[in-house]
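Examining the three-dimensional arrangement
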Amino acid sequence: MEFKSLEDENFVEIAVRGVDAQFSGEIESGVNYRLSVALSDVSFGAEKYNEAFLAALREKLKAAENARFVIAPVAEKPLSSIDDALEMTAAFKHCARRIKDCENVAGFEIPCVFSALERAADLEENFATELAEKHPRYVFYKK
């Protein structure tokens, strides 16, 4: 499992929102993107995933095969517990499964919201371990 700093690479920041998984900007070939993906778009709650959004995200990523993406999980509000962080990890593990054949996804950013919780380092390590289990090629980025 490989970890890198986001500051070591040049990423263009964009977001994807809504069931149609619309990118917030135009995608250009050969560009590296940090793609913010909201937890609320991926998950409706514990083990309830938005399959329509995930299918649309996969289609958008496949159509942008000449660009490179790092998925940046975003929680719209602070997480209040370790259980919330574990639920977020599970949601983005499911997301990773749905986009597994998108070769242009280089990896995932470790969610910044973990840093405000007790045992933050353990939560960050768990996130990477869970996603790397089925996706060993992913690189994990930290801000």
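As the structure is a prediction and not an experimental result, all values here were calculated from the model.

Ordered in space as E1-E9-E8-E7-E4-E2-E3, the seven strands form an open sheet in which the pairing is mixed. Edge positions in the sheet fall to strand E1 (2-5) and strand E3 (22-23), since each has one partner strand and no second. Direction of pairing for strand E8 (residues 105-109) relative to strand E9 (residues 139-142): parallel, over a ladder of three bridges. Within E9, the residue paired with Gly107 across the bridge is Val139. Sitting on the sheet, helix H3 (residues 82-98) touches strand E4 (32-38), strand E7 (68-74) and E8, and the angle it makes with E7 is about 155°. Set on the sheet, helix H4 (residues 120-132) makes contact with E1, E7, E8 and E9; between it and E9 the angle comes to about 155°.

What counts and what doesn't
Along each chain, residue indices are assigned from 1 in the same order as the chain's sequence is written. The predicted origin of the model limits local features to residues at a pLDDT of at least 70 and limits the giving and counting of side-chain atom pairs to 80 or more, whereas totals for whole chains, interfaces and linings rest on all residues. With hydrogens and water excluded, all non-hydrogen atoms of the structure serve as input to the side-chain values. At least two bridges found by DSSP between two strands is the condition for calling them paired. Helix and strand assignments follow DSSP, with helices taken as H or I runs no shorter than four residues and strands as E runs no shorter than two, numbered in order from the N terminus. Only heavy atoms enter the contact rule, under which two residues are in contact if any of them lie within 4.5 Å. Axis lines are fitted through C-alpha atoms, for helices just across the contact stretch, and the angle between N-to-C directions can take any value from 0 to 180 degrees.

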